[in-house]
Structures are given as structure tokens and as C-alpha cells.
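# Coordinate analysis (summary)
Below, each chain spelled out in residue letters.
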Amino acid sequence: MKKTILSTIALFLLIVATSVVSFAQTISATTYPFTNSTGATLVDMSSGTTTLIGANADDNASGVVNIGFDFWFVGTRYTQFSVNANGLLRLGLTNIGTTFSNAMASITNTPEIAPYWDDLVVGTNGKIHYKVTGSSPNRVLVVEWNNMQVPRVGTGSSGAGTFQCLLYESSGKIEFVYGSGIASNTTNSGASIGFNTSATIFATVKVAGGPTVSYTTATFSDTNTVAISSGTKYTFTPVVPNAPTGLSFTSVTATGMTLNWADNATNEIGYAIYRSDDGGSTYNFITQTAANAVTSVQSNLSSSNTYYWNVYAVTEGSLSSVLNGSQATSAGTLSGTKTVGTGGDYTNLTNAFSAITTNGLSGAITLQLITGYPAVAETYPIVPSTNASATNTITVYPTVSGLSITSSSTTGTINMNGSKYVTFDGRVNATGTTKSLTIANTATAGYAIQYINDAFNNTVKYCTIQGVNTSTTSGTIVFSTTTATFGNDNNTIDNCDIRDGATTPTNAIYAAGRSEEHTSELQSRFGISYAVFCL
């Protein structure tokens, strides 16, 4: 057996924050009408920018970075983007490729936005950089390809062509603005200009004789060779839906409520719901409904807490004006110290957490595992309540040594599914340093502990955590994905022994998912301190 001791290590990992759900996939003259103008000026990028790709770059790609706000594109909400040196931008958490063969029917880098996509080179005097201007809810992402070689010459030479792509918050407007140096370009048969989400859903611009746009023929303009005059601007402006009205709240409980509104739009693809947990200062995306919805059921809330809500109608790219309101959840009834086990307040943790979920919390609650725990077999996986808060916390600890929360579930033992502010403390009466509680799974297909769907601010400390999971995509402890909002954030494993059971697991800790950041959401991390891995 090999033992590795990690002392005072903090590991931070980005886990998936939210699933990308598409409600509509339409690009047309109706949903993204096109206009063009002359006399436009480039956004001043002389200061306050961040470089994505440096000078003298050929076929390079940037990493994925944050847009800085929610950008709605063809019915989907995006929070990240990446670019390459060939005049192409990709939305989403998947990094863009270095593809230089331009074609608006290509699906290699979808969803893609192409202000000038061709086989280019960043000049020795150039760069690709970006910044966000304005303030919420009217911010603008500006990405500039500065001093590009148009047409391509090759590395080691300067460039003179500059163009920008602007993405607008709330309105979803997309602009391509061209500075000087976009010369006649026949070197590689011409550039593509436009955007797409698939081989059949696109808008593509032909410069010669126009400009004109096709929403039906992908090859309409993959060969733009004519020069584009400085000051040219191409704009796609999604239609704005009518705003909902009459926000009201029904079925209010200690842990949930139903939002109700009047549907006044005829062209919406759904309604976007945002929530503030800090008195209306910061709003985070919660969910998107289908078109024509007039209600949304919200759960997993904390008792005696006022929630602030913003509701918007959404078209393919634009938000309506906001409908807002606030509502407090009902007061909870549970707090203090409760015993779990033979003769206790609850026979097992399954029942204890169920009671908390049903009745809500009026204060912090402690669940003491006593002799005879569990008096009745648990239902696995145990799912800790989701309605705790920073003040109304949930703490679980043993009052006697030698207790164990062990299952043979092929799913798992403890599933922190949206759980927050829950602490499992393995010390007797939460004092000292002796680890007196084991959390284990004896199945080769089950986890001991999983964090999923916005599990945040949870702590497991002074526990022995055992597993024998043989899957390459799971582990004794699993940091999983989310269909929710903020990510599995600020979860701490402190002074725990993470070890094998009868056999050795493939992974002690497995972190699933993909990196994404949703404005202030999605950045998920876990901390490990004084952990002992015994594998």
C-alpha cells in the first residue's frame, strides 16, 4: 500500500457550471435582419485590452475566456469565447480550432462568428485583443484583429488590416467594423463573413455588388475577394420581444415558490429567469422556459429569505425589457440540536434531511449521530437538504466513535445534489482531531461522496472516506457537472483520509465536466487540506 501525505494543499478546479440548452435554432432575415453603413469608426483599443494572440502568429488559437456578460445567440446563452488568427470567433466553452479553410457550411467550430475568416497571419506589428465596454445591462464585447496580413504574406512580415467584432449585451446585436487595410484578397480564394450554428443555419455576407446576405445558401459568399473600405460596418440586430407583465408569486413555502407573469410576446423562444440572493445587487441566470410559458416553479430555496427576480422574454438573440419583483420564503420551523439513531429524533439521515427539506430551517441545525445509528436502514444515496444558508447551516457529527455511513449502492452513498452549507464532521462531538466517522461505498460502480448541481459551501472534515470504484470516469469522491447556475463551488475536504476499501479504486477524486464561467457563476473549486491518500 502506498501512502502519500498532502499538507496544506489547496487545489482549485474549474467544474461545469451549467448545461447549454438550445431552445431555438433560427437564423433568418426575420430573426437576424441585416443592415450596413459607412463612416463607422473602430472602437479605441489603445488601452484597457487583453491580448488573446500575439504578433507574428500563423494559425494560432486563443484559450477560452469570459465574455463578461450573458450573450444570447440563436436561442442559447453563452458566457465564453475563443478566437483564432484566421479571423474567426467561437462561442462557448469548447476551444476554437486553427482551421484556415473558410466555409460557412463548416461545423468544425460552431457556433462561429466570422468578421473576416480566411487564411491570415497576424503581422509582426499586430495582435488580437479584446475588452468589454459599457455597464450592465448594456455592455459590449469588442474583439479586434489588429494589423492582420490581408492578403496573407507569411510570418516575419507586418500587417495593415484591422477589423473588429462587437457583441452586445441584452440586444444580442452583432457588428463587424472594418478599419484600413482590408485589401483585395485573392491569395486563398477569398474570405467568409457571417455566422452559423450548423451547416444549414447561418447568415453569410457577400461584399461584391452589395453587400448582400444569404440565409439559405452557405456557399453564397465564401469567396469574398474585393477590398472592404475603411469605415464599413455590417450589423445584425435580433428582434426585441414584448416584455412580460404582472409578476406575482404563489405556492410560497419555506423552500420554494411559483413565479407567474403575463405572456405579451408573440415571437419569444422562451423566458429567461434570473435571481438575486444579495438584495438585488447581483443577478444570476437560473433557468429558461419554453415559449408561451406563464409560470416557473422555483425550489431549493432557503427559508425566511427574500429573493429578487428578473424575468425576460427572449428571442433568438435579444432580451425584452425586464420584469422584476421580490418575494420572501416562509419561515422554517427547525433548528437546534437533533439526534439521529436509536431512540433519537430521527431514525436515520434520510428522514432527518427530508424533514429539513419539508419544514425549512429557522436557524442552524446540528444532527448528532448517536448509538444505534442508523435505527432504520438509510435510503441511498443520502441527499442532504438544499435549503440551508450561510446562517441556517446543517452540521452532522457523531457522539460516539466507530460510526459509519456505508452503502453498497452502485449509485453512491452521499449525493450533495444542490446541497449547500452542509458539514460532515467526523470527530466525536465535533472536537479533537480523531477521525471517528467513515463514509464509504463498497460497490465498484458507486461513489462515496458526489458534488453535483450547484453544491456549494459544503465541508467534509476529519472523516475516513473509502471507495473501491473501478470506473475511469468516477471515483471515491466525485465533483460532477451541473444543470443549475453557479457550479459546485467552495466545497472543502479537510483533514480526511481518502483511501481504498477491500480493493483499490481507480480514482480517489474524480472531477468531471468542463470549464465554464457564467458571468460570476460557474467557477467551481474544491479545497483539500491535510488529506491523506491511502491507495
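Before going into details, it helps to say that this report is about the structure given with it. (Residues numbered from 1 in each chain as written. Predicted model: local features only at pLDDT ≥ 70, side-chain atom pairs only at ≥ 80, totals over all residues. Heavy atoms only, no water.)

### Digging into the overall build of the protein chain
When its secondary structure is counted, the protein chain shows one helix and 38 strands. Overall, the C-alpha framework of the protein chain stretches about 85 × 60 × 40 Å when taken along its three principal axes. Scored against the burial criterion, the 535 residues of the protein chain give a buried share of 56%. Long-range contacts, defined here as pairs at least 24 residues apart, represent 74% of the contacts in the protein chain between residues at least 6 apart. Here the protein chain has roughly 19300 Å² of accessible surface; of this, 48% comes from carbon and sulfur atoms. Between the centroid of the 20 positive side chains of the protein chain and the centroid of its 27 negative side chains there is a distance of 7 Å. (Helix = DSSP H or I, 4+ residues; strand = E, 2+ residues; numbered from the N terminus. Buried < 20%, exposed > 50% of the residue type's maximum accessible area, 1.4 Å probe, protein only. Contact = heavy atoms within 4.5 Å. Areas by Shrake-Rupley, 256 points an atom, 1.4 Å probe, with all protein chains shown as cover. Lys, Arg positive; Asp, Glu negative; His and termini not counted. Charge placed at Lys NZ, Arg CZ, Asp CG, Glu CD.)

### Brief notes about the pairing of strand β4 (residues 65-73)
β4 sits mainly inside the fold: seven of its nine residues count as buried. The sheet contact formed by β4 and strand β5 (residues 76-83) spans five bridges and is antiparallel. Residue pairing in the sheet places Val65 in a bridge with Phe81 of β5. Joining the antiparallel neighbours β4 and β5 is a turn of two residues, in which Val74 adopts a positive phi near 50 degrees. (Pairing = 2+ DSSP bridges.)

### Some thoughts on the sheet that holds strand β27 (residues 412-417)
Taken in spatial order, the four strands make up an open sheet running β27-β30-β33-β36, and their pairing is parallel. Because the sheet does not close on itself, it has two edges, and the strands there are β27 and β36 (509-511). Averaged over neighbouring strand pairs, the angle between their axes works out to 15 degrees when direction is ignored. Judged from the three bridges that link them, strand β30 (residues 447-452) and strand β33 (residues 477-479) form a sheet pairing that is parallel. Following the sheet pairing, Gln450 is matched in β33 by Val478. (Axes fitted to C-alpha atoms, helices over the stretch in contact; angles between N-to-C directions.)

### Overview of unusual backbone geometry
The phi torsion of most residues other than glycine is negative, and most of the peptide bonds are trans. Along the chain, Gly210 connects to Pro211 via a cis peptide bond; the corresponding omega equals 15 degrees. Residue Pro374 is bonded to the preceding Tyr373 through a cis peptide linkage, with omega at -10 degrees. In this structure, Pro374 sits in the loop between β24 (361-369) and β25 (394-398). One non-glycine residue, Val74, lies in the positive phi region at around 50 degrees. Checked against the element boundaries, Val74 lands in the loop between β4 and β5. Relative accessible area serves as the criterion here: at 0%, Val74 is assigned to the buried category.

### What about the pattern of salt bridges?
If you walk through the whole model with that rule in mind, you get ten salt bridges. Across the pair Lys233 and Glu175 runs a salt bridge whose closest N-O atoms are separated by 3.7 Å. Placement of Lys233 in strand β15 (residues 233-236) and of Glu175 in strand β11 (residues 174-178) is noted, with a sequence separation of 58 residues between them. We note a salt bridge from Lys435 to Asp497, for which the minimum N-O separation is 3.9 Å. Linking Lys435 in the loop between β28 (422-425) and β29 (437-441) with Asp497 in strand β35 (residues 497-500), this pair joins segments that are 62 residues apart in sequence. According to the relative accessible area criterion, Lys435 is partly exposed, its value standing at 31%. (Salt bridge = Lys/Arg side-chain N within 4 Å of Asp/Glu carboxyl O.)

### Remarks on the pairing of strand β23 (residues 334-340)
Bridge analysis of β23 against β24 gives six bridges, and the strand direction is parallel. Within the sheet, the bridge partner assigned to Lys338 lies in β24 and is Leu367. Each parallel crossover has a hand, and for β23 linked through helix α1 (residues 349-359) to β24 it is right-handed. (Right-handed = clockwise from strand over helix to strand, strands pointing away.)

### Some points on the packing of aromatic side chains
Evaluation of the coordinates by the stated rule reveals 20 aromatic pairs. Ring geometry for Phe176 versus Phe236: centroids 6.5 Å apart, planes at 65 degrees, classification edge-to-face. Placement of Phe176 in strand β11 and of Phe236 in strand β15 is noted, with a sequence separation of 60 residues between them. For the pair Phe176 and Phe236, one class covers both residues: buried. Ring-pair connections join several aromatic residues into one group, and the members of that group are Tyr32, Phe34, Phe71, Phe73, Tyr116, Trp145, Phe163, Phe176, Tyr178, Phe195, Tyr234 and Phe236. Cation over ring: Lys173 sits above Tyr168, and NZ or CZ is 4.3 Å from the ring centre. (Phe/Tyr/Trp six-rings, centres within 6.5 Å; stacked < 30°, edge-to-face > 60°. Lys NZ or Arg CZ within 6 Å of the ring centre and 35° of its normal.)

### A closer look at the sheet that holds β5
Read from one edge to the other, the open sheet built from seven strands follows the order β4-β5-β6-β7-β12-β13-β14, with strand pairing classed as antiparallel. What marks the edges here is a single partner per strand, and that holds for β4 and β14 (212-214). The mean inter-strand angle of the sheet, taken between neighbouring strand axes irrespective of direction, is 20 degrees.

### Describing the environment of Ser436
Within the secondary structure, Ser436 is located in the loop between β28 and β29. It is 9.1 Å that separates the C-alpha atoms of Ser436 and Tyr397, two residues lying 39 residues apart in sequence. Not counting the four nearest positions on each side in its chain, Ser436 is found in contact with Pro398, Val400, Ser401, Gly402, Leu403, Gly426, Val428 and Tyr462.

### Description of the environment of Thr200
One can find Thr200 in the loop between β12 (192-196) and β13 (202-206). Judged by relative accessible area, which is 62%, Thr200 ranks as exposed.

### Observations regarding the state of the cysteines
One pass over the full model with this rule turns up zero disulfides. Looking at the unpaired Cys496, the closest cysteine sulfur is the one in Cys463, lying at 5.1 Å. Residue class for Cys496 comes out buried when judged on its relative accessible area of 0%. (Disulfide = S-S within 2.5 Å.)

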